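Inside the fold
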Amino acid sequence: MNDSELMVLPLVVRIERAAPPERTDALEAAAMAVLSVLDDPGEWTDELRAWQSTGKIRKVVRRARGAEWHRASALPGRTVEHRTAEVRVHPPVPLDAWPRDLARLQVSGTELTDTHELGPAEAPVLWANPSLSMSAGKAMAQAGHAAQLAWWASDRAERDAWRERGLTVSARTAAPDDFAALVAAGLPVVRDAGFTEIEPGSCTFVAEAPWLYGRVSRP
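An account of the accompanying structure is given in this report. (Residues numbered from 1 in each chain as written. Predicted model: local features only at pLDDT ≥ 70, side-chain atom pairs only at ≥ 80, totals over all residues. Heavy atoms only, no water.)

Next up on the list: the sheet that holds strand β7 (residues 170-173). Strands sit in the order β7-β6-β9-β8 across an open sheet of four strands; the sheet is mixed. The open sheet is flanked by β7 and β8 (189-191), the only strands paired with a single partner. This sheet shows a mean twist of 20° between the axes of neighbouring strands, independent of strand direction. Relative to strand β9 (residues 203-208), β8 runs antiparallel, the two being bridged by three bridges. The partner of R191 across the bridge, within β9, is C203. The strands that helix α7 (residues 176-183) touches are β6 (125-128), β8 and β9; relative to β9, the one it contacts most, it runs at about 75°. (Pairing = 2+ DSSP bridges. Helix = DSSP H or I, 4+ residues; strand = E, 2+ residues; numbered from the N terminus. Axes fitted to C-alpha atoms, helices over the stretch in contact; angles between N-to-C directions. Contact = heavy atoms within 4.5 Å.)

The following block contains the structure:
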C-alpha cells in the first residue's frame, strides 16, 4: 500500500489558552471519540469501512482554539465532551486529502499536563508505557488505538455493557514492571508504526479489562 491509499481518522482537541484541558481528560476523550464512531458510524459507514479495510488504524490529532475550533466544528464530525476536554472526531479521510480547515491546524507540539490528582481507574484502563515520552497529541492518538483494539477484542455482550457505561475508559501510566507484565498477558497492545516521535514497533499502550485477558495472541 502506498501513501496515496492510506486513510487517517482526524481528531481535533480544543486547547484554549486560558483553559487548556487536563492531559488525562484529553486522552480519555480521544479514546471515547474513537469508540463513538466505531459503535455508531452513522452516515460514515463507508468511510469507516474503507479506513479499517486498509489494515491500518492511523489517527492524527490536531489542536484548535477560538475561531479555528468553530471552523472545525462546522465540518462533519462528532464532539465528545469529557470533564475538562473537548475532542472532535471527523470521518476518515485520505492522507493527502484533508479538508482545508483541518489541514491548516497544527499537529506537532501539543503539550498538556495534569494539575489535579487522578481518581480511581475504572476498566477498561488504557495503560501508557512509562518508558516512552510522548506529546499529548501523540498519546491521544495512541490511546485511541488502544481503545479500538479493545473494542475489536470485545464480544457483543461486552460491547453492550460498555455502551451502557457510556463507552468510558480510564487512561493511566503504568509502573515499569506492571507494563511489561501487561504486554505479556494476552491483552490488546498498541505497537507504533513509527511515523512520529518514537521508534517503530514500540509498545505504547495496553488496554486492560477483566474480559480482555488472553484475547490476543502473545508475541
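Back to the text.
Before going further, it helps to examine the packing of helix α1 (residues 23-39) against helix α5 (residues 136-153). Look at α1 against α5: their axes get within 8 Å of each other, and the N-to-C directions meet at 40°. Classed by the angle they form, the pair α1 and α5 counts as oblique. For α1 against α5, the interelement crossing comes out right-handed. Taken together, the residues of α5 that come into contact with α1 (itself represented by R23, A26, L27, A30, A31, V34, L35, L38 and D39) are A136, A139, M140, A143, G144, A147, Q148 and W151. The residue makeup of the contact of α1 with α5, split by class, is 13 nonpolar, two polar and two charged. (Parallel < 35°, antiparallel > 145°, perpendicular 65-115°, else oblique. Left-handed = near helix turned anticlockwise from the far one by under 90°. Nonpolar A, V, L, I, M, F, W, Y, C, P; charged D, E, K, R; others polar.)

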